[in-house]
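Given next are the chains, with one letter for each unit.
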Amino acid sequence: MNKKKMKVAVTSTDNQLESVIDPRFGRCAYFTIYDTESHAIEFFANSAKEAAEGAGPAAVQFIAKHQVNKIISGDFGSKIKSLLQALNIEMHIEKDQHKSIVNILKEL
C-alpha cells in the first residue's frame, strides 16, 4: 500500500526526538516537522509562544509556510480549528501527553 507524501508537524516540549508532545498548539515550545517521503526531521522554535496575543494564528501561518499537511498536538482552540480547516490541514489530538516525538512519528 502506498502512503501519500506529506509533511507532519508535532508540537514538542524541546528540540529532541525523545522530547514529549507539547499539549499547547499556539504556545508550544517547538514544532517538529517530519517529511514522510524523505524522512527528514526538523525542529523549529515557536517564535510566537511568548506573544501577548495571536500566538495561535501565528503558529498556523508558520505551519502553512512549511507546507505541513497534518498537525499533531494535545489540543487546538476553536479559532485555530477553523483556520486549519480552511487550509485543509488535518488535525490530530494526541491524548497521551507523555508520548515522545519519536514514538508519535513511528506510528505514522
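Data block above holds the structure.
Enquirer: Sorry, what's going on with the pairing of strand S1 (residues 7-12) here?
Expert: On any regular strand, side chains alternate: one points to one face of the sheet, the next to the other face. Within S1, five of the six residues are buried, leaving the element largely enclosed by the surrounding structure. Note: S1 against strand S2 (residues 30-35), six bridges, orientation antiparallel. Across the sheet, residue Thr11 finds its bridge partner in S2, namely Phe31. Inspection of the sheet shows S1 paired to strand S4 (residues 70-73) by three bridges, in the parallel sense. The residue bridging Val10 from the neighbouring strand is Ile72, located in S4.

Enquirer: What is the right way to look at the packing of aromatic side chains in this model?
Expert: For any pair of aromatic rings, the description consists of the separation of the ring centres together with the inter-plane angle of the planes. Applying the stated criterion to the full structure yields four aromatic pairs. Pairing Phe31 with Phe62 gives two aromatic rings, centres 5.4 Å apart and planes at 20°, and the pair type is stacked. Of the two residues, Phe31 sits in strand S2 while Phe62 sits in helix H1 (residues 55-65), which places them 31 residues apart along the sequence. Neither residue differs from the other here; Phe31 and Phe62 are each classed as buried. Look at Phe44 and Phe62: their rings are 5.4 Å apart centre to centre, the planes differ by 70°, and that puts the pair in the edge-to-face class. Of the two residues, Phe44 is situated in strand S3 (residues 41-45) and Phe62 in helix H1; the sequence distance between them amounts to 18 residues. Here a set of aromatic residues connected by ring pairs shows up, and it is made of Phe25, Phe31, Phe44, Phe62 and Phe76.

So, how was this worked out
- Residues numbered from 1 in each chain as written.
- Predicted model: local features only at pLDDT ≥ 70, side-chain atom pairs only at ≥ 80, totals over all residues.
- Heavy atoms only, no water.
- Buried < 20%, exposed > 50% of the residue type's maximum accessible area, 1.4 Å probe, protein only.
- Helix = DSSP H or I, 4+ residues; strand = E, 2+ residues; numbered from the N terminus.
- Pairing = 2+ DSSP bridges.
- Phe/Tyr/Trp six-rings, centres within 6.5 Å; stacked < 30°, edge-to-face > 60°.

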